[in-house]
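# Results of the structural survey
If you want the building blocks of each chain, they are given just below.
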Amino acid sequence: MTAVARRFPDWDWLASHGGEVAAQLSEHVELTALAVAAGFLVAVPLALLARRVPPLRGPLLGFTGVLYTVPALALFVLLLPFVGLSRANPVIGLTIYSLLILLRNTLVGLEGVPAEVRESALAMGHTRRQLLWRVEVPVALPAIVAGVRLATVSTVGLVTITALIGYGGLGQLILRGFNRTNATQLVAGLVLSVALAAVADVALAWAQRRLTPWQESRTA
Amino acid sequence: MITFEAVTKRFPDGTLAVEDLDLAIPEGEIVVLVGPSGCGKTTTMRLVNRMAEPTAGRVLLAGTDVRDVPAHELRRGIGYVIQQIGLFPHRSAAQNIATVPELAGWPRDRVRARVDELMALVGLPAETAGRFPHQLSGGQRQRVGVARALAADPPVLLMDEPFGAVDPVVRGQLQDELLRLQQAVHKTIVFVTHDIDEALKLGDRIAVMSAPGRVRQYDTPSAILARPADDFVTEFLGAERGLKRLALIPVSQVKADPGPAVPDGAPRADAVRAAEAAGTDWVVVLGPEQRLLGWVWVADVAERVDGSAAREFWLRVRAEDSLRAALDAMLSTRTGVAVRISGEDRYEGVLTRELLTEEIV
C-alpha cells in the first residue's frame with residue numbers, strides 16, 4: 001500500500017473518479033426508486049384486498065412482518081437460486097423490505113377514515129368504488145405518503161448492503177474504500193448515501209404537503 | 001310522501017330495532033321522530049334511504065318501494081345530515097356542497113351557481129367557500145352540512161340530531177334558520193332528536209317513539225301536549241306541559257279583549273264606567289290614533305284622565321309572539337293583563353289569563 005491511498009481527503013482521487021461516483025449515485029437512486037415503486041404497486045392492492053376481505057388482514061400483515069425480520073444479507077442470498085445475481089435480486093429483495101411499511105401505512109390510512117365521513121359519503125349516493133377513490137383514498141393519502149417516505153429512506157440505507165452481491169450503488173464506494181483503505185472513497189460513499197436519504201426525506205415531505213393542502217398542520 | 005307499511009327491522013345480532021311500524025309522513029312537512037336513546041328512531045329514519053334495510057314490510061317513497069331503486073340513485077334524491085356532519089376533510093366547503101351535483105354529472109357552471117346559491121341560502125359568507133372543514137367553526141360546518149344535503153334539491157331531507165353537537169345558543173339559531181329555510185324550500189323533512197323541546201319547536205308533526213321502534217303517539221305538537229296518549233308520552237313530555245303548549249300558540253290565534261280603554265283627557269266618569277264594565281280598578285290610557293300611553297288606577301283619576309301620569313306597560317306583545325310571552329307580560333304588571341300592540345305602539349286590546357285558559361284547556 002502506498003502512502004497515497006492513506007491521504008485524506010484525497011482530492012486527486014475525487015477529481016479522477018467523479019464519473020464513477022456519479023454512476024454509483026444514479027444506480028443507488030434507481031434501485032431505490034424501482035424497489036419503492038414495485039413495493040407500492042404490490043402493497044396498495046394488498047391493502048385494498050385486506051379491506052375487502054377482513055380475515056386476510058392479520059395474515060397479510062403477519063407475512064410481510066415475517067419477511068421484514070429476515071436479515072438483509074440472508075434474504076439476498078436466499079434469492080440467489082431463483083434469480084441469480086441479476087438485477088432482479090436486489091430489486092426484489094428491497095421490494096420485500098418495503099412491503100411491510102407500505103402495507104401497514106396504507107391500511108392504517110384507509111382504516112383511519114372517520115366512520116361518519118364514510119357514512120355520509122354512502123348516504124349521499126357514492127357507489128362503493130366512488131367511496132374508495134373519491135373519499136377513502138384521498139383521506140388516507142397523508143398516511144400513504146408517509147409510508148412511501150419512510151420506505152424510501154429505509155431503502156436508501158438497505159441499498160448499500162447489496163454491494164455484497166455486486167450492486168449497492170454508493171455501497172460499492174463504501175465497500176471498496178474499506179477494502180482498499182481508501183478513506184476518501186469510503187467517506188464519499190457514506191456522505192452521499194446519508195445526503196441522499198435526507199434529500200429524499202425532505203422532497204417527499206414537501207410532496208406530502210403539496211398533495212394534502214387540506215391537512216391540519218400538526219407539530220408531531 | 002313517505003309511508004312505512006308494517007316495517008320490522010331486526011339486526012343480524014338479533015336486536016329488534018323496529019317492530020311492525022306503520023307511519024305516513026306527509027309531503028312538505030317536518031316530522032320529528034323523538035324518543036329516548038335506543039328507541040329505534042334513527043334506524044327508522046335510515047330505512048328511508050336504505051342505510052338500513054327492513055327485515056319485513058316495506059317503505060314507500062312517493063309510492064315506490066325504496067328497494068326497487070338502486071341504493072346510490074335513491075340516496076342522491078334524499079338529503080342526509082348527521083350530528084357528526086361527516087364533511088369530507090380533503091374538500092373545501094364549496095367542494096363539499098358540490099358533492100351530489102358532481103356525482104350526478106351536472107355541468108361545471110351549473111354546479112358553481114348552485115353552490116353560490118346554497119351558501120347564501122344557509123348564511124355562509126363567501127370567503128368560507130375555499131376553506132377546509134377544519135378551518136370552519138362548528139356552526140359553519142353544520143351549515144355546510146345542511147347546504148350539502150340540499151345541493152341537488154332533493155324532495156326529502158333526513159336529519160339525525162343535526163344540532164346535537166353545537167352549544168345551546170348556536171343550536172337555537174340553527175333551529176330558527178331551519179324553520180326559515182323550510183319556508184323557502186318546503187322539503188319533506190324527517191328529523192330525529194331525543195330533545196322534546198327541539199321536537200316541539202321544529203315539528204309540524206311529532207312521532208313519540210319507544211323501543212322497539214314503536215310509535216306511541218303521532219300528532220301535532222299542540223295536540224300531543226293537550227292530550228298525551230299514555231303515561232309514556234306524558235312522562236316523556238316532562239313538566240310544564242301547559243307552558244310548552246303556550247309557547248307553540250301565537251298571540252294572533254286568540255281574540256284580544258278591547259279592555260278598559262279611555263282616551264287621554266276623558267272625564268273621570270268615563271274611566272269609572274269603562275273599569276266597571278271590564279271588572280277592573282284600572283284603565284288603559286290612549287293618545288291620538290290609539291297610541292298606548294299606559295295605565296292608571298281609577299282611584300287616582302282626579303277630574304280628568306291624565307296620560308302624562310300613566311304607568312307604563314313594560315312588556316307588550318304582538319300578533320307573532322307566543323302566548324307564553326303574553327303570560328310573561330301578564331306577570332310583569334300589576335294589571336295582570338298583556339297588552340297587544342301593532343306597529344310602534346298602536347293599542348289592539350288586552351289578553352287576560354281567562355283567555356289563555358280557554359285556549360289551552
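Cut-offs applied
- Residues numbered from 1 in each chain as written.
- Chains lettered and ligands numbered in written order.
- Predicted model: local features only at pLDDT ≥ 70, side-chain atom pairs only at ≥ 80, totals over all residues.
- Helix = DSSP H or I, 4+ residues; strand = E, 2+ residues; numbered from the N terminus.
- Rg over C-alpha atoms; globule rule 2.2 N^0.38 Å.
- Domains from an automatic or database assignment.
- Contact = placed C-beta atoms within 7 Å.
- Nonpolar A, V, L, I, M, F, W, Y, C, P; charged D, E, K, R; others polar.
- Core = buried A, V, L, I, M, F, W, Y, C linked by C-beta atoms within 7 Å.
- Buried ≥ 20, exposed ≤ 12 C-beta atoms within 10 Å, placed from the backbone.
- Pairing = 2+ DSSP bridges.

### Examining the overall build of chain B
Check the secondary structure of chain B and you find 14 helices and 16 strands. For chain B, the C-alpha radius of gyration of 26 Å lies well beyond 21 Å, the compact-globule estimate for 361 residues. Dimensions of chain B, computed from the C-alpha atoms along their principal axes, are close to 85 × 50 × 35 Å.

### Observations concerning the domain arrangement of chain B
Residues and elements named next belong to chain B. Its domain assignment divides chain B into domain 1 (2-249) and domain 2 (252-360). Relative placement of domain 1 and domain 2: their C-alpha centres are 44 Å apart. The partner domain 2 presents 8 residues to the 6 residues of domain 1 that form the contact. When the residues that make up the side of domain 1 that touches domain 2 are grouped by side-chain class, the tally is 4 nonpolar, 1 polar and 1 charged.

### Observations concerning the nonpolar core
Ranked by size, the top nonpolar core spans 119 residues in total, and within it Leu-103 of chain A together with Val-32, Val-48, Ile-97, Ala-147, Leu-158 and Val-190 of chain B carry the most contacts. It is helix H6 (residues 88-111) of chain A that provides the largest number of residues to this core, a total of 11 residues. Discounting chain neighbours no more than four positions away, the residues touching Val-190 of chain B are Ile-25, Val-31, Leu-33, Met-45, Val-48 and Leu-158 of chain B. Grouped together as the second largest cluster of nonpolar side chains are 33 residues, Ala-261, Trp-282, Val-283 and Val-301 of chain B included.

### Focus on helix H11 (residues 241-248) of chain B
Residues of H11 of chain B that are buried include every one of Lys-244, Arg-245 and Leu-246 of chain B, and no others. Next to the buried residues of H11 of chain B lie helix H8 (196-202), helix H9 (221-226), helix H13 (323-331) and helix H14 (353-360) of chain B.

### Points about the sheet that holds strand S16 (residues 346-351) of chain B
All names here are of chain B. Across the sheet, which stays open at both edges, the 3 strands sit in the order S14-S15-S16 with mixed pairing between neighbours. Every interior strand has two partners, whereas the edge strands, strand S14 (316-317) and S16, have only one. Of the strand pairs in this sheet, S14 and strand S15 (residues 338-342) are connected by 2 bridges, and their pairing is parallel. Across the sheet, the residue bridging to Val-317 is Arg-340, located in S15.

### Comments concerning the interface of chain A and chain B
Opposite the 17 residues of chain A that make contact, chain B presents 18 residues. Ranked by residue count, the leading element in the side of chain A that touches chain B is helix H7 (residues 115-123) of chain A, at 6 residues. Residues that form the side of chain A that touches chain B fall into these classes: 8 nonpolar, 6 polar and 3 charged.

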